[in-house]
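Understanding the architecture of this molecule
So you can see what is in the structure, the chains are spelled out below.
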Amino acid sequence: MSKNTKFIAQGVRRYDDIRKPTITVYADPVNSGKYIACFEATDCDEMVNGYSYDELLSIRNAISEALTDIDVKESVAEYNKHNPKYTSFE
């Protein structure tokens, strides 16, 4: 896993089809060993504002992947506090 991981809701269809809702996981600058998720391009700029069922599933999947990534990274960081000889994501 890389330090900053991106999760993209590929199932969301947009007019320009360039900007997809994205979640990027970063190390929390305030709390050591914790991570934060930043949401990008989640606005609905289409003629009809809203997401279809399938698009919502795609967003939910991206959120689930980001949560799993944070769980793993925070677990490794906690383990590394007690076993510093192992590597971390920092």
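See the structure printed just above.
Analysis parameters
- The numbering scheme is per chain: residues are counted from 1 as the chain's sequence reads.
- Whole-chain, interface and lining totals are the exception, using all residues; otherwise, since this is a predicted model, local features are given only for residues with pLDDT of at least 70 and side-chain atom pairs are given and counted only at 80 or more.
- The basis for every side-chain value is the complete set of non-hydrogen atoms in the structure, without hydrogens or water.
- Strands are runs of DSSP state E lasting at least two residues, helices are runs of H or I lasting at least four, and both sets are numbered from the N terminus onward.
- Exposure is judged per residue with a 1.4 Å probe applied to protein chains only, and the accessible area is read against the type maximum: over 50% gives exposed, under 20% gives buried, and values in between give partly exposed.
- Contacts: residue pairs with any heavy atoms within 4.5 Å of one another.
- Methods summary: accessible areas were calculated by the Shrake-Rupley approach with a probe of 1.4 Å, and residue burial reflects only the protein chains presented.
- Here a strand pair is declared whenever DSSP counts at least two bridges between the two strands.
- A fitted line through C-alpha atoms serves as each axis, taken over the contacting stretch for helices, and the angle formed by two N-to-C directions is quoted from 0 to 180°.
- Residues belong to one nonpolar core when they are buried, are Ala, Val, Leu, Ile, Met, Phe, Trp, Tyr or Cys, and are joined through side-chain atoms within 4.5 Å.
- The salt bridge criterion pairs a side-chain nitrogen of Lys or Arg with a carboxyl oxygen of Asp or Glu, the two atoms within 4 Å.

1. Some thoughts on the overall build of the chain
Along its length, the chain carries one helix and three strands. Across the chain, helices and strands are ordered from the amino to the carboxyl terminus as β-β-β-α. For the chain, the proportion of its 90 residues judged to be buried stands at 29%. In the chain, of all internal contacts separated by at least 6 residues, the share reaching a separation of at least 24 is 47%. When the accessible surface of the chain is summed, it comes to about 6,200 Å², and 56% of that surface belongs to carbon and sulfur atoms.

2. Some words on the sheet that holds strand E3 (residues 35-40)
As a general point, the strands of a sheet are linked pairwise by backbone hydrogen bonds and lie either parallel or antiparallel. In space, the three strands of this open sheet follow the order E1-E2-E3, with antiparallel pairing throughout. Two strands lie at the open edges of the sheet, namely strand E1 (5-8) and E3, each paired on one side alone. Averaged over neighbouring strand pairs, the angle between their axes works out to 20° when direction is ignored. The pairing of E1 with strand E2 (residues 22-27) spans four bridges and is antiparallel. Among the inter-strand pairings, Lys6 is bridged to a residue of E2, identified as Thr24.

3. Regarding the nonpolar core
Listed in full, the 10 residues of the largest apolar core are Phe7, Ala9, Val12, Ile23, Val25, Tyr35, Ile59, Ala62, Ala66 and Ile70. Considering each element in turn, this core owes the most residues, four residues, to helix H1 (residues 53-82). Excluding its chain neighbours within four sequence positions, the residues that come into contact with Ala62 are Phe7, Ile8, Ala9 and Ile23.

4. A word on the environment of Thr5
By the secondary structure assignment, Thr5 is in strand E1. On the basis of relative accessible area, Thr5 is assigned to the buried category, the value being 13%. As for Thr5 and Ala66, which are separated by 61 residues in sequence, their C-alpha atoms are 8.1 Å apart. Not counting residues up to four positions away in its chain, the partners in contact with Thr5 are Ile23, Thr24, Val25, Asp69 and Lys73.

5. Let's talk about the pattern of salt bridges
This model, assessed by the stated rule, comprises four salt bridges. The shortest N-O distance in the salt bridge between Lys6 and Glu40 comes to 3.7 Å. Remark: Glu40 occurs in strand E3 and Lys6 occurs in strand E1; sequence separation between them is 34 residues. Ionic pairing is found between Glu74 and Lys34, a salt bridge with its closest N-O pair at 3.8 Å. Taken as a pair, Glu74 in helix H1 and Lys34 in the loop between E2 and E3 lie far apart in primary sequence, 40 residues in all. Relative accessible area serves as the criterion here: at 42%, Lys34 is assigned to the partly exposed category.

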